[in-house]
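One-letter residues, chain by chain:
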Amino acid sequence: MKKSLFFLLLIFTFSLSVFGQFSPNIYNYSIAEYKASNQNWDLYRADNGKVYVANNIGLLEYDGIDWKLFQLPNQTTVRSVLVFNDLIFTGSFEEFGYWKEDDFGGLEYESLSELMKSEISPNEEIWQILSYKGKVIFRSFSSIYIYDFNTVERIHPSSAVISLSLVDDDLFVSTLNDGIYKLEQKRLVPFFSDEALIDTKIISIVKNKDKYLIMTSLKGSYHLVSNRLRPTQFAFNNEIKQHQLNKFSMLQNGDMVFGTIKDGVYVADHKGEIKFHISKENGLVNNTVLSQFLDENDKLWLGLDNGISTIDLKNTNYFFNDVSGKLGAVYDIVKYQDLLYVGTNTGLFYLDKNNNLNFIDGSQGQVWDLKIIDNNLFCGHNEGTFLVNKNQIQKISDFTGGWTIQKVPEHDDLYMQGTYAGLVKFQQKNGKWETKHMGQTTIPSRFLVFENPTTAWVAHAYKGIYKVNFNSSYDTITKITNYGVKGLDSEYNPRVYNLKNDIVFKTNHGWQKYEPLLDSIVPFKLLNEKFGKDAYIISEQSMSPIVLKDKSGVISFKYINNDSVEQKINNKLIKNRYIVDYEHVSKIDHSLFALNLDNGFMLIDETFRDSIAIYKPQIEAIRINGESIRLSAISGDKTIKLKHNENVNLELSSSKSSNHYFEYSIPSLSKDWFKVDNRNLDLNNINHGVYDILLRTRDDSGNTSSPKELILDVSPPWYKGTFGMVLYVVLLFGFIGLFYYLHHRKVQKEQRLLRVKYQREQHKLLREKTLENEKNIVQLKNESLQNELKIKSKQLANNAMALVKKNEVLQDIKRELAVNKEGFKDYYSYKKLVKKLNSSLEHKDEWEVFEENFNQVHDEFFTKLKSRHPVLTPKDLKVCAYIKMNLANKEIAPLMNISVRGVETHRYRLKKKLSLENDISLTDYLLNIK
């Protein structure tokens, strides 16, 4: 650390008071973060890393990630806190006692004041607690209480007790008017008294070499040597007298820390010289220090009147913070002629001997680049390029946007600058700088490197990478080649560097390099593995070591040829102050570097190596389905037993780690590690089985702790457990019985169905046989009817023929009579005989009998014929019947008692009545009437 301070002194070449505006790393916890009252009266960091704060409304617990608030039963203000023997002792208004962790991860309070309630003075408050020889001592202004873990005893001094101080094995009790006592065997023994200490608030007594150092609230500090009190000559006395000392701590190296009521914290060395003044002006959230605690790593915890803060006093990386806001965003820092120049978005500043910011007139606007060239300080500005001399600037180039300027290899007086509008040449002639735009290209050139004296590479913010060739006299650009189409992963936001004569590129997808033999850009596996695909260089090109920033915001100092030497800056404060994509680290002197930030910068001592320790996670609480379970349930075999469909929540902590988070892995399911959200690991929808759960702590720098193993035993669902198996066996036998029953029933049913089927088939056969018999009977009847019909037809035909013969005979007789008419003697007899013959020929009864018999044979032929042809006369019907019987005309003529010619005439007329065409036979038509 002394070496680091020496380098810091070289920056400014003036006394240590130069650090008045510089400060160590400060982190403020606001009320919004810890969610309690503003005033914090006491702090204590336990051996397990947890921080306990006595707050206005209760006890705060901080595990490095989350804050928890625990309130007293009477909900009074907690004034003091101490952790001893795994118990958290607190003092309050007329109340003191301890908290202990229960089996569910919470805190339970046990009152000690209840043991002696009658002895506690009205309105008494416990302002201080410390441990002494295995006992716990509680201090109020009027009393001292001693707790030996069995009983509580009270000591009542004659004067108000201001403070307790533990020095080696002695406990000193400082009173307001009676001097200093020593506690011996539960009684107070006078140790020292002096008029100078009357009516004096002694804040602390410490051992400083062979002397006692007594710190007072308003009278400064004293040395007590050989029972004589002497004022010290420390430089900080005036400050603590003026601003009222309230708390005091001493570091292991002898440095002293003073917490004041009015003006924050002062840090002095062992000689009393002030090294730092930390107040609201340079980052502290509040100037009233109510309490302070210095842990084993020299981290100072401050309880303020409005918030909580931590200050890392061990770390030699310091900050310059401008809370006024006039500095703005810092883009570059350089030491020139023993002054520190700071280029920002508002202009150019420098720090004077008192570390006050001074603005250089005329530099208003964006400063991009500060570089010392030939003992001249160049300022690349939005308005052009300037030369800087003390607190004055001179413009030497009107080309706007001087992003970067690089020396042309092998030319001592020639430089090339990347600007908004392309490349500009700077050349010194006769002590003056001349500038010339190189022409041809107006590519905005933020990144510029040389491959050789006449070849440069330029990165365009949105259009990739270009290779630029110059002529030998550097009067013009001879060639511009776009390499964005020659293998570049991404043309958006590329960066170009020259690393050990390799032209390398950083794109959004990783590292690449230019391969001259292929004249193409190819992946650069070495840098992807060494630097990481997401990291990019933020240091100057010629600087060693190389400084990188990764996606998580970690700053790394790397040496290409020595992987064992590396420093990482992992500070959650600066991650919110980066000038994104314009992060820049510049070398100030020797091993001292400056990192640009918003409203300030950080001085980094490259030789400082912080002892980073990452500790195993601890399980603070377990909840199954939202219900807390006892931690002792996993104390033995570290197994959590879950029922099917139960969800488990693990609350993790690693209080001694810093800038950390948690990861988990389930090797049986995946070899990967998964980040835990905040500090609560939720495991849901887990299949039954036994799982090894590995938990570990990890910080942003990639450091990890050894894993903590936890076994998760998830029981199967009831249907896969013992009950389920028994049920399955019962169901199996039940199914077998049911199957047997149903099968037997089915067999019976099938037998019954077979009987029914047999009976049905028998009935069917009988029915079919009956039908067949009936059919045969009908067939026989039909045959009988046919035969009968044939007989009747034959009889009808015979009758008709007989009638024909009879009529023929009668006609023959009639003709014979007509021939022999003259032979009759009696004409009347002749007439009578002819009349009888005619009557016999035209006998109607015979026709009716014929018609009836004819209908029986021919299915009511006459009825059908009449319905079709109602115009037919009885004589027509007779002719039709005779034709139906297939009688010839000569056979019909006697039946009709007409001539054959008459029959033919009648048939002709009958065809007309039936409306038959000429090609249709009357006989066929009548025969087809069924």
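Residues numbered from 1 in each chain as written. Predicted model: local features only at pLDDT ≥ 70, side-chain atom pairs only at ≥ 80, totals over all residues. Heavy atoms only, no water.

Colleague: Is there a simple way to think about the overall build of the chain in this case?
Modeller: Along the backbone of the chain there are 12 helices and 66 strands. Taken over the C-alpha trace, the chain has a radius of gyration of 62 Å; the compact-globule value for 930 residues is 30 Å, which it surpasses by more than 25%. Over its C-alpha atoms, taken along the principal directions, the chain stretches across nearly 215 × 95 × 45 Å. Partitioning the contacts of the chain with sequence separation of at least 6, the portion at a separation of at least 24 is 49%. Positive and negative charge centroids in the chain, built from 117 and 113 side chains respectively, lie 13 Å apart. (Helix = DSSP H or I, 4+ residues; strand = E, 2+ residues; numbered from the N terminus. Rg over C-alpha atoms; globule rule 2.2 N^0.38 Å. Contact = heavy atoms within 4.5 Å. Lys, Arg positive; Asp, Glu negative; His and termini not counted. Charge placed at Lys NZ, Arg CZ, Asp CG, Glu CD.)

Colleague: What is the right way to read the sheet that holds strand β45 (residues 464-470) from this model?
Modeller: Strands belonging to one sheet form pairs held by backbone hydrogen bonds; the direction of such a pair is parallel or antiparallel. The 4 strands are arranged β43-β44-β45-β46 in an open sheet whose pairing can be described as antiparallel. Because the sheet does not close on itself, it has two edges, and the strands there are β43 (447-452) and β46 (477-482). On average, adjacent strands in this sheet sit at an angle of 25° to one another, irrespective of strand direction. Across 5 bridges, β43 lies against strand β44 (residues 455-460) in antiparallel orientation. Bridged to asparagine 452 within β44 is threonine 455. (Pairing = 2+ DSSP bridges. Axes fitted to C-alpha atoms, helices over the stretch in contact; angles between N-to-C directions.)

Colleague: It is not clear to me how the packing of aromatic side chains should be interpreted in this structure. Could you clarify?
Modeller: Given two aromatic rings, their pairing is described by the distance between the two centres and the angle made by the two planes. A full pass over the atoms with the stated rule returns 53 aromatic pairs. Between tyrosine 29 and tryptophan 301, the aromatic rings sit 6.2 Å apart at their centres with planes inclined by 10°, giving stacked as the arrangement. With tyrosine 29 in strand β2 (residues 25-29) and tryptophan 301 in strand β28 (residues 299-304), the pair connects residues that are 272 residues apart, well separated along the chain. Judged by relative accessible area, tyrosine 29 falls into the buried class, the value being 5%. The class for tryptophan 301 is buried, based on a relative accessible area of 4%. An aromatic cluster is defined as three or more aromatic residues linked by ring pairs; in this entry it consists of Phe84, Phe89, Phe96, Tyr98, Phe138, Tyr145, Tyr147 and Phe149. Directly above the ring of tyrosine 582 sits arginine 446, whose terminal nitrogen or CZ lies 3.8 Å from the centroid. Just above the ring of tryptophan 673 sits the side chain of arginine 696; from NZ or CZ to the centre is 4.0 Å. (Phe/Tyr/Trp six-rings, centres within 6.5 Å; stacked < 30°, edge-to-face > 60°. Buried < 20%, exposed > 50% of the residue type's maximum accessible area, 1.4 Å probe, protein only. Lys NZ or Arg CZ within 6 Å of the ring centre and 35° of its normal.)

Colleague: Would you take a moment to explain the environment of glutamate 761 for this structure?
Modeller: Relative to the elements of secondary structure, glutamate 761 occurs in helix α5 (residues 722-819). With a relative accessible area of 39%, glutamate 761 lands in the partly exposed category. Separated by 160 residues in sequence, glutamate 761 and serine 921 place their C-alpha atoms 55 Å apart.

Colleague: Any chance you could explain the side chain of serine 665 here in plain terms?
Modeller: In this fold, serine 665 is placed in strand β62 (residues 660-665). Classification of serine 665 by relative accessible area gives buried; the value is 3%. Polar contacts involving the side chain of serine 665 include one to the main-chain carbonyl oxygen of aspartate 672, which spans 3.0 Å. Contact partners of serine 665, with chain neighbours within four places excluded, come to Ser670, Lys671, Asp672, Trp673, Asp692, Ile693 and Leu694. (Polar contact = N/O pair within 3.5 Å; in protein donor to acceptor, adjacent residues only side chain to side chain.)

Colleague: Where do I start with the confidence of the model for the chain in this structure?
Modeller: Close inspection of predicted coordinates is inappropriate for parts of the model with low pLDDT. Looking at the chain, the pLDDT average stands at 87 and 92% of residues meet or exceed 70. Confidence, expressed as mean pLDDT per element, reaches its minimum in the chain at helix α1 (residues 2-12) with 41 and its maximum at strand β4 (residues 51-55) with 98. Considering only residues more than four positions removed or in separate chains, one finds that residues 1-20, a stretch of pLDDT under 50, has 50 contacts. (pLDDT = per-residue confidence, 0-100.)

Colleague: Sorry if this is basic, but what is going on with the nonpolar core here?
Modeller: Formed by 27 residues in total, the largest nonpolar core has its most connected members in Trp511 and Leu595. Of all elements in the fold, only β47 (495-499), β51 (536-537), β52 (546-549), β53 (555-559), β56 (592-597) and β57 (600-605) reach the threshold of two or more residues within this core. In terms of nonpolar packing, the next biggest core, distinct from the first, is built from 24 residues, Phe861, Cys880, Leu887 and Leu922 among them. (Core = buried A, V, L, I, M, F, W, Y, C linked by side-chain atoms within 4.5 Å.)

Colleague: What am I meant to see in a nonpolar patch on the surface here?
Modeller: Taken together, the side chains of Trp718, Tyr719, Phe723, Met725, Tyr728, Leu731, Phe735, Leu738, Tyr741 and Leu742 make up a nonpolar region of the molecular surface, amounting to roughly 1,100 Å² of accessible area. Inspection of the secondary structure puts phenylalanine 723 in helix α5. Residue phenylalanine 723 is classed as exposed on the basis of its relative accessible area, which comes to 57%. (Patch = residues over 30% accessible without salt bridge, like charges linked within 9 Å, V, L, I, M, F, W, Y side chains within 5 Å. Areas by Shrake-Rupley, 256 points an atom, 1.4 Å probe, with all protein chains shown as cover. Salt bridge = Lys/Arg side-chain N within 4 Å of Asp/Glu carboxyl O.)

Colleague: What am I meant to see in the sheet that holds strand β41 (residues 422-429) here?
Modeller: Pairing is antiparallel in the open sheet, where 4 strands are placed in the order β39-β40-β41-β42. The open sheet terminates on both sides in strands that have one partner only, identified here as β39 (404-407) and β42 (432-437). Across the sheet, the mean angle from the axis of one strand to that of its neighbour is 25°, orientation sign disregarded. Sheet analysis places β39 next to strand β40 (residues 414-419), joined by 4 bridges and oriented antiparallel. Its bridge partner being in β40, threonine 404 is matched across the sheet by glycine 418.

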